[in-house]
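Here is what each chain is made of, one letter per residue.
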Amino acid sequence: MKIDEGIFWVGAIDWDIRDFHGYLTRRGTTYNAYLIKDEKKVLIDTVKYNFYEELIKKINEITNVEELDYIIINHVEVDHSGSLSRIIERAKRAKIIASKRGEEGLRKYYGENLNIEVVKTGDQLNIGKRTLTFIEAPMLHWPDSMFTYTDGILMPNDAFGQHLASSGRYDDEVDEEVLMEEAAKYYANILMPLSDLIIRKLQELEKINLPIKIIAPSHGVIWRSNPSKIINAYKKWSEGMVKEKLILVYDTMWRSTEIMARKIAEGAISQGIEVKVFKLRASDATDIVTEILDAGAVVVGSPTINNSMFPTVSAFMNYIVGLKPKRKIWAFFGSYGWGGGAVAQMMEVAKRGGFHIYENLEVKYAPTDEELRRCFDLGKRIAQEIKSIKA
Ligand code: FEO
């Protein structure tokens, strides 16, 4: 599939994957690789190892894999570099191009004997009619990550991607609502902890003033109808946008924490804000994080078990702390039988993450009417606090 003069998509569609290292890929994904046929033949990224045959078939429809001159590895993670060692068995003259950290990663994964040329930001490679420019993008999202650019086409690997398997290869060939939902989920679960770096990288791209007509990421569809749409969404997400929205996450043993959760939610709803409630055993953490991306507050509840958080809550707290969501109000609640512990532990984890803790509430056995009034009041006050921040 041709995406521009001499540039072809040669990737693979993974319709089946539902667990991408723990990320719920409800709509599958793609591994996008691009082939440039100019005086030199250049492959940009490969595909996950089990799609190697598909990649080779697509390359051979355009040129012979043996004739590749360069293989650019924008990112070493194996969903993109996984077919490299098998390709270079056939593309014997191809030189691999990667960032300095990319070189380290590739040698560790695939051996010391690789023929690698290291590039840095601003380096260029003339391949005939086209010139490729490289832009290092460390920690977007690995230390080795880099972007490749040519004549208005940015190939930023994981950045601006979405886990979305589709017959359409372009943003205007898929449902827009689904596309933005998957782009937000991808940002929330992969890029959110790197938001400050993203802000700086977007500013750097604006400063060097590269015209961008197409963004061709390594997952999902290619942004061609309006690439500024995803750039603007990234600006909004990286700054930690806040809507009048409260996310309540909990788990429960004998329903005491659940009853408290419902009362807190009622209190917040009474103030006219959007509220979404997730019981952890009935939800997927990657979906919850997507909802947290633009929420103003997150309230987490756990019963105490063995003086600790409930296991699902513990896993959630560790996950969310690592993702470093910005500009949220946090509150914690729970119930216990003879000795507490869950609420204190949740707060300890939240403090470690630098979260702004608004309040906490813990009850013994089952909540009394008075304690339920306090739950309602907590939800109501947090909702008012979100509204005041918005104002
Ligand atoms: Fe899609 Fe960081 O790999």
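Here the structure is shown first, and the text comes after it.
Report follows, based on the coordinates. This one's a predicted model, so the numbers in the text were calculated from it and none came from an experiment. (Residues numbered from 1 in each chain as written. Predicted model: local features only at pLDDT ≥ 70, side-chain atom pairs only at ≥ 80, totals over all residues. Heavy atoms only, no water.)

1. Looking at the sheet that holds strand S16 (residues 214–215)
The criterion, for reference: Paired strands are those between which DSSP finds at least two bridges. Helix and strand definitions here come from DSSP, where helices need a minimum of 4 consecutive H or I residues and strands a minimum of 2 consecutive E residues; each element is numbered from the N-terminal end. In this analysis, two residues are considered to be in contact whenever any of their non-hydrogen atoms come within 4.5 Å of each other. The axes used here are C-alpha line fits, helices contributing only the stretch in contact, and every angle between their N-to-C directions lies in the interval 0 to 180 degrees.
The strand order across the open sheet formed by five strands is S12-S13-S14-S15-S16, and the pairing between neighbours is mixed. The strands lining the two open edges of the sheet, one partner per strand, are strand S12 (124–126) and S16. Examined bridge by bridge, S12 and strand S13 (residues 131–136) share three bridges and lie antiparallel to one another. Residue pairing for S13: asparagine 126 is matched across the bridge by threonine 131. In the packing of helix H6 (residues 195–208) onto the sheet, the strands contacted are S13, strand S14 (146–150) and strand S15 (153–155), and the crossing angle to S13 comes to about 145°.

2. Description of the pairing of strand S18 (residues 274–279)
The test is simple: Here the term right-handed applies to a crossover when the path leading from its first strand over the helix to its second strand runs clockwise, the strands being oriented away from the viewer.
Where strand S17 (residues 245–250) meets S18, six bridges bridge the pair, whose relative direction is parallel. Opposite leucine 248, over in S18, you have valine 277 as the bridge partner. For the crossover that starts at S17, traverses helix H8 (residues 256–269) and ends in the parallel S18, the hand is right-handed.

3. Comments concerning the nonpolar core
As a reminder of what qualifies: Remark: nonpolar core denotes a set of buried residues (Ala, Val, Leu, Ile, Met, Phe, Trp, Tyr, Cys) joined through side-chain atoms within 4.5 Å. Whether a residue is buried, partly exposed or exposed follows from its accessible area with a 1.4 Å probe, protein chains only, as a fraction of its type maximum: under 20%, in between, or over 50%, in that order. By convention here, the domain bounds are inherited from an automatic or database domain assignment.
In terms of nonpolar packing, the biggest core is built from 91 residues, with Leu43, Ile87, Phe160, Ile230, Tyr234, Trp237 and Met317 touching the most fellow members. With nine residues, helix H5 (residues 176–191) is the single largest residue contributor to this core. For this core, the domains that each give at least three residues are domain 1 (2–238) and domain 2 (246–386). Sequence-distant contacts of isoleucine 87, defined by excluding residues within four places in its chain, comprise Leu43, Thr46, Tyr52, Leu55, Ile56, Val65, Leu68 and Ile71. In terms of nonpolar packing, the next biggest core, distinct from the first, is built from 24 residues, Ile13, Val42, Leu125 and Met146 among them.

4. A short note on the packing of aromatic side chains
The geometry of an aromatic ring pair is captured by two quantities: the separation of the ring centres and the angle between the planes. To keep it simple, the criterion reads: To pair, rings of Phe, Tyr and Trp, with the six-membered ring standing in for Trp, must have centres within 6.5 Å; the planes then decide the type, stacked if under 30 degrees apart, edge-to-face if over 60, and tilted in the middle. Note on geometry: a ring has a charge over it if NZ (lysine) or CZ (arginine) is within 6 Å of the ring centre and within 35 degrees of the ring normal.
The final tally for this structure, using the stated rule, is eight aromatic pairs. Relative to tyrosine 234, the ring of phenylalanine 160 has its centre 4.6 Å away and its plane inclined at 40°; by these criteria the two rings are tilted. Of the two residues, phenylalanine 160 sits in the loop between S15 and H5 while tyrosine 234 sits in helix H7 (residues 227–238), which places them 74 residues apart along the sequence. For the pair formed by phenylalanine 160 and tyrosine 234, the shared burial category is buried. Judged by its relative accessible area of 2%, tyrosine 234 is buried. One aromatic cluster is present, built from ring pairs that chain together Phe160, Tyr187, Tyr234 and Trp237. Above the ring of tyrosine 170, the side-chain terminus of arginine 224 is found at 3.6 Å from the ring centroid.

5. As for the packing of H6 against H7
Rules: Just so you know how the angles are binned, under 35 degrees is roughly parallel, over 145 roughly antiparallel, 65 to 115 roughly perpendicular, and the rest oblique. Here a crossing is called left-handed whenever its near helix is offset anticlockwise from the far helix by less than a right angle, and right-handed whenever the offset is clockwise. Under the scheme applied here, ten amino acids are nonpolar (Ala, Val, Leu, Ile, Met, Phe, Trp, Tyr, Cys and Pro), four are charged (Asp, Glu, Lys and Arg), and all others, including Gly, are polar.
Closest axis-to-axis distance for the H6/H7 pair is 9 Å, and the angle between their directions is 140°. Put simply, H6 runs oblique to H7. The handedness of the crossing between H6 and H7 is left-handed. Touching Ser195, Ile198, Ile199, Leu202 and Glu206 of H6 are Ile231, Tyr234, Lys235, Trp237 and Ser238, all from H7. A class-by-class count of the residues in the contact of H6 with H7 yields six nonpolar, two polar and two charged.

6. Side note on the side chain of serine 238
Topologically, serine 238 is positioned in helix H7. Judged by its relative accessible area of 0%, serine 238 falls in the buried class. When sequence neighbours within four positions are dropped, the list of residues in contact with serine 238 reads Tyr187, Ser195, Ile198, Ile199 and Lys326.

7. Digging into the sheet that holds strand S11 (residues 116–118)
Spatially, S1-S2-S7-S8-S9-S10-S11 is the arrangement adopted by the seven strands of the open sheet, whose pairing is mixed. In the strand order of this sheet, the two ends are held by strand S1 (2–4) and S11, each with one partner. Put simply, the sheet's adjacent strands are angled 25° from each other on average, direction ignored. In the packing of helix H1 (residues 52–62) onto the sheet, the strands contacted are strand S2 (7–9), strand S7 (34–37) and strand S8 (41–44), and the crossing angle to S7 comes to about 20°.

8. A word on helix H9 (residues 285–292)
Along H9, seven of the eight residues are buried, which leaves the element largely enclosed by surrounding structure. Contacts from the buried residues of H9 go to strand S5 (23–24), H5, S17, S18, strand S19 (297–305) and helix H10 (311–323).

9. Thoughts on the pattern of salt bridges
Spelled out, the test is: By salt bridge we mean one thing: a side-chain nitrogen of Lys or Arg within 4 Å of a carboxyl oxygen of Asp or Glu.
Inspection of the entire model under this criterion finds 35 salt bridges. Residues arginine 93 and aspartate 69 are paired through a salt bridge, measuring 3.3 Å at the closest nitrogen-oxygen approach. Placement of arginine 93 in the loop between helix H3 (84–90) and strand S10 (95–98) and of aspartate 69 in the loop between H1 and strand S9 (70–72) is noted, with a sequence separation of 24 residues between them. A residue is classified by how much of its surface remains accessible, and aspartate 69, at 12% relative accessible area, is buried. Residues glutamate 370 and arginine 373 are paired through a salt bridge, measuring 3.3 Å at the closest nitrogen-oxygen approach. Highlighted residues: glutamate 370 and arginine 373, both in helix H12 (residues 369–390), separated by three residues, approximately one helical turn. Taken together, the shared-partner salt bridges in this structure form one network comprising Lys243, Lys245, Glu274, Lys276, Glu291 and Asp294.

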